[in-house]
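Remarks on the overall topology
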Amino acid sequence: MAHFVFVSHNTDDTTRLASAVAGVLRSRDVVLLSGDLGAGKTMFTKALCAALGVADAVTSPTFTLVHEYRARSFSVSHADIYRLERTAEFDDLELDGMRATGNVLVVEWGEVLSEAFPDHLAVRIAHAGDADQRNIVVAAAGASWEARLSRIAAHVGAQVTT
């Protein structure tokens, strides 16, 4: 899978990456976020939504499971599936139905849904070095993300590898 590694030294760096991702998003895209608790999945989503023109406060949907935000060109469905345990619970969220209406899906703890959404951008955020530093692996799954991954990488000065 084509990917690149981005070292974020602070929230400004992570915001720059999220803005680069926002710049290539299209209606019905899927972004699957993963990483440990406190790694920065919600922070990344806040920055992504801000770059898309979301005016509302973006918060973690840990207990409500899904928040929807209106951006300039489409809506963003932001899900947090950390607490879900069974496949039926994923189905109950109607994520594919939200996507079918044109929403972009951003799913925290989304790695478990990679087979359900074979065409997606995977973003894995990991603590590294000091308290603010993160290693972020951004990977393209599916043909629609290949060229866009290169554009994201170029925007943040990273090199795509396969």
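Small disclaimer: the values here were computed from a predicted structure and weren't measured.

With that settled, consider the overall build of the chain. The secondary structure content of the chain amounts to 5 helices and 7 strands. Reading the secondary structure of the chain in the N-to-C direction produces β-α-β-α-β-β-α-α-β-β-β-α. Relative to a compact globule of 162 residues, whose C-alpha radius of gyration would be 15 Å, the chain shows 14 Å and is just as compact. For the chain, the spread of C-alpha atoms along the three principal axes comes to 40 × 35 × 30 Å. Counting only residues that meet the buried cut, the chain has 50% of its 162 residues in that class. Pairs at least 24 residues apart make up 63% of the contacts formed inside the chain by residues separated by at least 6 positions. Put simply, the chain shows about 7800 Å² of open surface, and 50% of that area lies on carbon and sulfur atoms.

Formed by 38 residues in total, the largest nonpolar core has its most connected members in Phe4, Leu17, Leu25, Leu121, Val123 and Ile152. Where this core is concerned, the elements lending two or more residues are strand E1 (3–8), helix H1 (11–22), strand E2 (30–35), helix H2 (41–51), strand E5 (104–108), strand E6 (120–127), strand E7 (134–141) and helix H5 (143–156). Residues contacting Leu121, with those up to four places away along its chain left out, are Val21, Val30, Val31, Leu32, Val138, Ala139, Ala140, Trp145, Leu149 and Ile152.

Not every positive phi belongs to a glycine, and Arg28 is a case in point at roughly 80°. The backbone of Trp109 sits at a positive phi, close to 65°, despite the residue not being glycine. Structurally, Trp109 can be placed in the loop between E5 and E6.

A word on the packing of H1 against H5. Two numbers describe a pair of packed helices, the interaxial angle and the distance between the axes. Interhelical geometry of H1 versus H5 gives an angle of 145° and a closest axis separation of 9 Å. Crossing of H1 over H5 shows right-handed handedness. Counting all contacts with H1, which are made through Arg16, Leu17, Ala20 and Val21, the residues of H5 involved are Ile152, His155 and Val156. Classifying every residue of the contact of H1 with H5 gives 5 nonpolar, 1 polar and 1 charged.

Another aspect to go through is H1. Helix length check: H1, at 12 residues, gives a terminal C-alpha distance of 16 Å against a target of 16 Å (1.5 Å per residue), a fit within 8%. Restricting attention to buried positions, one finds in H1 the residues Asp13, Thr14, Leu17, Ala18, Ala20, Val21 and Ala22. Turning to H1, the residues buried within the fold contact E1, H2, E6, E7 and H5. One side-chain oxygen of the residue at the start of H1 lies 3.0 Å from the amide nitrogen of Asp12, identifying that residue as Asn10.

What counts and what doesn't
- The residue numbering used here restarts from 1 in each chain and proceeds along that chain's sequence as written.
- Per-residue local features are limited, in this predicted model, to residues with pLDDT of at least 70; the limit for side-chain atom pairs, both in listing and counting, is 80 or more; totals at the level of whole chains, interfaces and linings are taken over all residues.
- To obtain the side-chain values, all non-hydrogen atoms of the structure were used and water was disregarded.
- Starting at the N terminus, helices and strands are each numbered in turn, a helix being any DSSP run of H or I of at least four residues and a strand any DSSP run of E of at least two.
- Only C-alpha atoms enter the radius of gyration, while the globule expectation follows 2.2 Å times N to the 0.38, with N the number of residues.
- To sort residues, take the accessible area from a 1.4 Å probe on protein chains only and compare it with the maximum for the residue type: under 20% means buried, over 50% means exposed, and anything in between is partly exposed.
- Should any heavy atoms of two residues lie within 4.5 Å, those residues are counted as being in contact.
- Per-residue and other accessible areas were derived by the Shrake-Rupley procedure at a 1.4 Å probe size, with only the shown protein chains allowed to occlude residues.
- We call a set of buried Ala, Val, Leu, Ile, Met, Phe, Trp, Tyr and Cys residues a nonpolar core when their side-chain atoms join them within 4.5 Å.
- The axes used here are C-alpha line fits, helices contributing only the stretch in contact, and every angle between their N-to-C directions lies in the interval 0 to 180 degrees.
- The crossing is said to be left-handed when, going from far helix to near helix, the turn is anticlockwise and less than a right angle, and right-handed when the turn is clockwise.
- Amino acid classes used here: Ala, Val, Leu, Ile, Met, Phe, Trp, Tyr, Cys and Pro are nonpolar; Asp, Glu, Lys and Arg are charged; the rest, including Gly, are polar.
- Residue count minus one, scaled by 1.5 Å, sets the expected span of a helix.
- Side-chain atoms alone can form a polar contact between residues adjacent in sequence; in general such a contact is a pair of N or O atoms within 3.5 Å, and within protein one must be able to donate a hydrogen while the other accepts it.

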